[in-house]
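Observations on chain architecture
Take a look at the letters that make up each chain.
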Amino acid sequence: MTHKFLPIVLGAALGLTATAASAATLDDVKAKGFLQCGSNTGLAGFAAPDDKGEWNGLDVDTCRAIAAAIFDDPNAVKFTPLTAKERFTALQTGEVDVLVRNTTWTMSRDTTLGLNFTGVNYYDGQGFMVRKSLDVSSALELSGASVCVQTGTTTELNLTDYFKANGMDYKPVVFEKLEEVNAAYDANRCDVYTTDASGLYSIRLQLTNPGDHIVLPEIISKEPLGPAVRQGDDQWFNLVKWVHNAMLNAEELGVTSANVEEMKASENPNIRRLLGVEGQFGEAIGLSNDWAARIIKHVGNYGETFDRNVGPDTPLGIARGVNALWSKGGLQYAPPIR
């Protein structure tokens, strides 16, 4: 295998430091009239601007859902594209109100960066993409390969662990920006591209000849991706957390963007609480009691956003898999509103 692999160029990784958290984020967001959301610089299906400059994707819909809950307007949000290196500093310093950027929830990030993760909006795992011309069918055949990877990510650490655990050598080709990694792989500067499997399917669509590349079957890590907020503001933490929970509960209860208004007449107490017909649940997070109805009306339930952005009928063609509801064999599970 080694003779198939190419020379490489190394990049350098820089660290991030935590800063103090600030409180009253909801008040600040209301005062300025919009949500500032930290997003990817461009990852199809998750966060990317279209040819009109409109942002779309699964992570984008999470941002729009937060805005809808607060303002009854999914467009009351501005997006700050961030590299993997920039993302945590932007949140820590208050440049963004929330980070929704296919970011993996880990212990160190949860405990040492001054951040709180609010949930998992996409369960993922790291994989490998190669050219079909390499004639490999497993990541275990990649000893001696040059591997393109983005610095400042869990991907970089998982790569080291995987090759070490399997007694294999590799040559890292490291870049800070996603676009740089994409370009390097497409230009044949490395043999392998590694990142979250969802990202590989997205990136493959952007390559010069997508059909020349395959994603290998191995998944080498747990990558629970989700929104993050600054520590020290429990109200904001609860609000962002329950936006996702509301979207999951809505899917489980059969409440969609198409039927949300008629479902307000339901006799099901779970639906009535979700939609604000009964109870005062919005008050607990600083919102009106129809906060979840606003989300569903403007953005949809979790299943709708998944299918619209990354599902089987999209160019990415990703099956629900572990991101199915718990009641359908998946991991997506939300506490009840009661």
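The following refers to the structure shown.

Comments concerning the packing of aromatic side chains
Evaluation of the coordinates by the stated rule reveals 11 aromatic pairs. Grouping aromatic residues by their ring pairs yields a cluster made of Phe-46, Tyr-122, Tyr-302 and Phe-306. In this structure, Arg-320 is placed above the aromatic ring of Phe-306, and the distance from its NZ or CZ to the ring centre is 5.2 Å.

As for the sheet that holds strand β9 (residues 145-150)
One open sheet accounts for five strands, arranged β10-β9-β11-β8-β12; its pairing is mixed. With one partner strand each, in any of the chains shown, β10 (170-175) and β12 (213-215) form the two edges of the open sheet. Taking each pair of neighbouring strands and ignoring which way they run, the sheet shows an average axis angle of 30 degrees. Most of the contacts of helix α5 (residues 154-165) go to strand β8 (residues 126-131), to which it runs at about 80 degrees, and overall it touches β8, β9, β10 and β11 (192-196). Along the sheet, helix α7 (residues 197-206) makes contact with β8, β11 and β12, crossing β11 at roughly 125 degrees.

A closer look at the nonpolar core
With 70 residues, the main nonpolar core has Trp-236, Leu-239 and Trp-291 as its most contacted residues. Sort the elements by how many residues they give to this core and helix α8 (residues 234-253) lands first, with 10 residues. Counting residues in hydrophobic clusters, the runner-up holds 17 residues, among them Phe-128, Met-168, Val-192 and Leu-216.

What to know about the packing of α8 against helix α11 (residues 291-298)
For the pair α8 and α11, the least separation of the axes is 10 Å and the interaxial angle reads 65 degrees. Of the possible angle classes, the one that applies to α8 and α11 is roughly perpendicular. For the pair α8 and α11, the crossing hand works out as right-handed. Residue-level contacts link Trp-242, Val-243, Ala-246, Met-247 and Ala-250 of α8 to Trp-291, Ala-292, Ile-295 and Ile-296 of α11. By residue class, the composition of the contact of α8 with α11 is nine nonpolar, no polar and no charged.

As for the pattern of salt bridges
According to the stated counting rule, one finds eight salt bridges in the structure shown. Lys-264 is the partner of Glu-261 in a salt bridge, and the nearest nitrogen-oxygen pair spans 3.3 Å.

Considerations on the state of the cysteines
A full pass over the atoms with the stated rule returns two disulfides. A disulfide bridge connects Cys-37 with Cys-63, and the sulfur atoms are separated by 1.9 Å. Taken together, the residues Cys-37 in strand β1 (residues 35-39) and Cys-63 in helix α2 (residues 58-71) connect sequence positions 26 residues apart. Here Cys-37 falls in the buried class, since its relative accessible area comes to 0%. The class of Cys-63 is buried, set by a relative accessible area of 1%. The partner cysteine of Cys-148 in its disulfide is Cys-190, sulfur to sulfur 2.0 Å. With the S-S bond torsion at -110 degrees, the cross-link from Cys-148 to Cys-190 turns out left-handed. Taken together, the positions of Cys-148 in strand β9 and Cys-190 in the loop between α6 (178-186) and β11 put the pair 42 residues apart, joining distant regions of the chain. For Cys-148, a relative accessible area of 0% corresponds to the buried category. Its relative accessible area of 0% is what places Cys-190 among the buried residues. Take the cysteines of the protein that form disulfides and number them in order along the sequence; they join up as 1-2, 3-4.

Criteria and thresholds
- Throughout this description, residue numbers start from 1 for each chain and increase along the sequence as written.
- The predicted origin of the model limits local features to residues at a pLDDT of at least 70 and limits the giving and counting of side-chain atom pairs to 80 or more, whereas totals for whole chains, interfaces and linings rest on all residues.
- Here the side-chain values reflect all heavy atoms present in the structure, with hydrogen atoms and water set aside.
- Pairing of aromatic rings covers Phe, Tyr and the six-membered ring of Trp, with a centre-to-centre limit of 6.5 Å; geometry is then stacked below 30 degrees between planes, edge-to-face above 60, and tilted otherwise.
- A ring is scored as having a charge over it whenever the NZ atom of a lysine or the CZ atom of an arginine sits within 6 Å of its centre and within 35 degrees of its normal.
- A pair of strands is considered paired only if DSSP assigns at least 2 bridges between the two.
- Under the DSSP-based scheme used, a helix requires at least four consecutive residues in state H or I and a strand at least two consecutive residues in state E, with every element numbered from the N terminus.
- In this analysis, axes come from line fits to C-alpha atoms, helices being fitted only over the stretch in contact, and the angle between any two N-to-C directions falls in the range 0 to 180 degrees.
- In what follows, a contact means two residues having at least one pair of non-hydrogen atoms within 4.5 Å.
- Take the buried residues of types Ala, Val, Leu, Ile, Met, Phe, Trp, Tyr and Cys, join any two whose side-chain atoms come within 4.5 Å, and each joined set is a nonpolar core.
- Exposure categories follow from relative accessible area, calculated using a 1.4 Å probe and restricted to protein chains: below 20% of the type maximum is buried, above 50% is exposed, and the middle band is partly exposed.
- By definition in this entry, angles of less than 35 degrees are roughly parallel, angles greater than 145 are roughly antiparallel, angles of 65 to 115 are roughly perpendicular, and the rest are oblique.
- Here a crossing is called left-handed whenever its near helix is offset anticlockwise from the far helix by less than a right angle, and right-handed whenever the offset is clockwise.
- When residue character is reported, Ala, Val, Leu, Ile, Met, Phe, Trp, Tyr, Cys and Pro are called nonpolar, Asp, Glu, Lys and Arg charged, and the others, Gly included, polar.
- What makes a salt bridge here is a side-chain nitrogen of Lys or Arg within 4 Å of a carboxyl oxygen of Asp or Glu, nothing more.
- The criterion for a disulfide is a pair of cysteine sulfur atoms lying within 2.5 Å.

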